[in-house]
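Observations on the three-dimensional arrangement
One letter stands for each residue in the lines below.
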Amino acid sequence: MLTLYSFGPGANSLKPLLTLYEKGLDFTSRFLNPATFEHHSDWFKQINPNGQVPVLDDDGKIITESTVICEYLEDEFPGEPSLRPADSYGRAQMRVWTKWVDEYFCWCVSTIGWHRMVGGMVRNLGDEEFEKMVERIPLKEQQVKWRRAREGFAKEILDEEMRKIAYSVKKLEARLALSPWLAGDQYTLADICNFAIANGMENGFADLVNEADTPHLVAWIRRINARPACRQMFAKQPSEWADRRRASATR
Ligand SMILES: N[C@@H](CCC(=O)N[C@@H](CS)C(=O)NCC(=O)O)C(=O)O
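Nothing here was measured: the structure is a model prediction, and the numbers come from that model. (Residues numbered from 1 in each chain as written. Predicted model: local features only at pLDDT ≥ 70, side-chain atom pairs only at ≥ 80, totals over all residues.)

**Looking at the packing of helix α1 (residues 11-23) against helix α3 (residues 66-76)**
At their nearest, the axes of α1 and α3 sit 8 Å apart, and the two run at 15° to each other. What the angle tells us is that α1 and α3 run roughly parallel. When the axes of α1 and α3 are compared, the crossing they make is right-handed. Across the interface between the two elements, Asn12, Lys15, Pro16, Thr19, Leu20 and Lys23 of α1 pack against Ser66, Thr67, Ile69, Cys70 and Leu73 of α3. Looking at side-chain class alone, the contact of α1 with α3 contains 5 nonpolar, 4 polar and 2 charged residues. (Axes fitted to C-alpha atoms, helices over the stretch in contact; angles between N-to-C directions. Helix = DSSP H or I, 4+ residues; strand = E, 2+ residues; numbered from the N terminus. Parallel < 35°, antiparallel > 145°, perpendicular 65-115°, else oblique. Left-handed = near helix turned anticlockwise from the far one by under 90°. Contact = placed C-beta atoms within 7 Å. Nonpolar A, V, L, I, M, F, W, Y, C, P; charged D, E, K, R; others polar.)

In structure tokens form, the structure reads like this:
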């Protein structure tokens, strides 16, 4: 039996969620509530000592790291649709794009997301309550990030992350002007993993991602949203996710 622990269909959690829907697999979905720091609770840290989602439990085998989970699902369930090219060169192209999203694209978008949303979640906590919350975070670097989000990130950091986002958007647009999908003619994990970060940028980063400046990127985002698996995934999201998506769409 498969169980996926996630925050719902956004960011790193979206990657394995969409892969599961694309593969049409039966699984139990366990949504954790980030607003109550459920991912830092003892029961969840026994599953993932890093206190982060997503996590896949396959009959007691625990797999962490969003992109690794996607590859695991493709390895275990290689049937249709295949989400990885059959040839080595195609796979290499796919992995260049999944590596890039994990090491570069995800981080700049994430910092701006933390600045806009996560900071607000903890700014109204008193110092003592905040410190208690931080103590439960297992990764030191995540503790630093929560503190920075509460204090407000320095302007130089935000400017640099915005520069990286603008670069990322141009890079995706240039690639998608050449082929329908990131690794070529086939829809693969490269598309799923980058879509996890790019979806919603038409709202959150409208000056960078829009029909006039990035027509191919916008068409790709819409093409993935129109896939039956993607529609099904969003239809199954918990109601608090729907509220959050509506709120970010109006930001
Ligand atoms: N490298 C990990 C990163 C996981 C990650 O950053 N998860 C975020 C949600 S997108 C999380 O759990 N954040 C909560 C926290 O760190 O406190 C992966 O790709 O799975």
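**Some thoughts on the environment of proline 228**
In this fold, proline 228 is placed in helix α11 (residues 228-235). Placed 153 residues apart in sequence, proline 228 and aspartate 75 show a C-alpha to C-alpha distance of 22 Å.

**A word on the site of the ligand**
In the vicinity of the ligand, the residues found are Phe7, Ala11, Asn12, Ser13, His39, Gln52, Val53, Pro54, Glu65, Ser66, Ile137 and Gln142. Among the elements that line the shell around the ligand, the one with the most residues is α1, at 3 residues. (Near = placed C-beta within 6 Å.)

**What to know about the domain arrangement of the protein**
On domain assignment, one finds that the protein holds domain 1 (2-76) and domain 2 (88-227). Inter-centroid distance (C-alpha atoms) of domain 1 to domain 2 is 18 Å. Across the contact, 17 residues belong to domain 1 and 13 residues belong to domain 2. Taken together, the elements giving at least two residues each to the side of domain 1 that touches domain 2 come down to α1 and α3. (Domains from an automatic or database assignment.)

**Notes on the nonpolar core**
Judged by nonpolar contacts, the single largest core of 48 residues is most densely connected at Ile192, Ile197 and Leu217. Broken down by element, this core gets its largest block of residues, 8 residues, from helix α8 (residues 189-198). The residues that make up this core include at least three from each of domain 1 (2-76) and domain 2 (88-227). Once you skip the residues sitting within four places of it in the chain, isoleucine 197 turns out to touch Ala11, Val101, Phe105, Cys106 and Val109. (Core = buried A, V, L, I, M, F, W, Y, C linked by C-beta atoms within 7 Å. Buried ≥ 20, exposed ≤ 12 C-beta atoms within 10 Å, placed from the backbone.)

**Considering the sheet that holds strand β3 (residues 55-58)**
Strand order in the open sheet made by the 4 strands is β2-β1-β3-β4, with mixed pairing throughout. Of all the strands in the sheet, just β2 (28-31) and β4 (61-64) have a single pairing partner and so form its edges. Along the sheet, successive strands turn relative to each other by an average axial angle of 20°, direction set aside. Examined bridge by bridge, β3 and β4 share 4 bridges and lie antiparallel to one another. (Pairing = 2+ DSSP bridges.)

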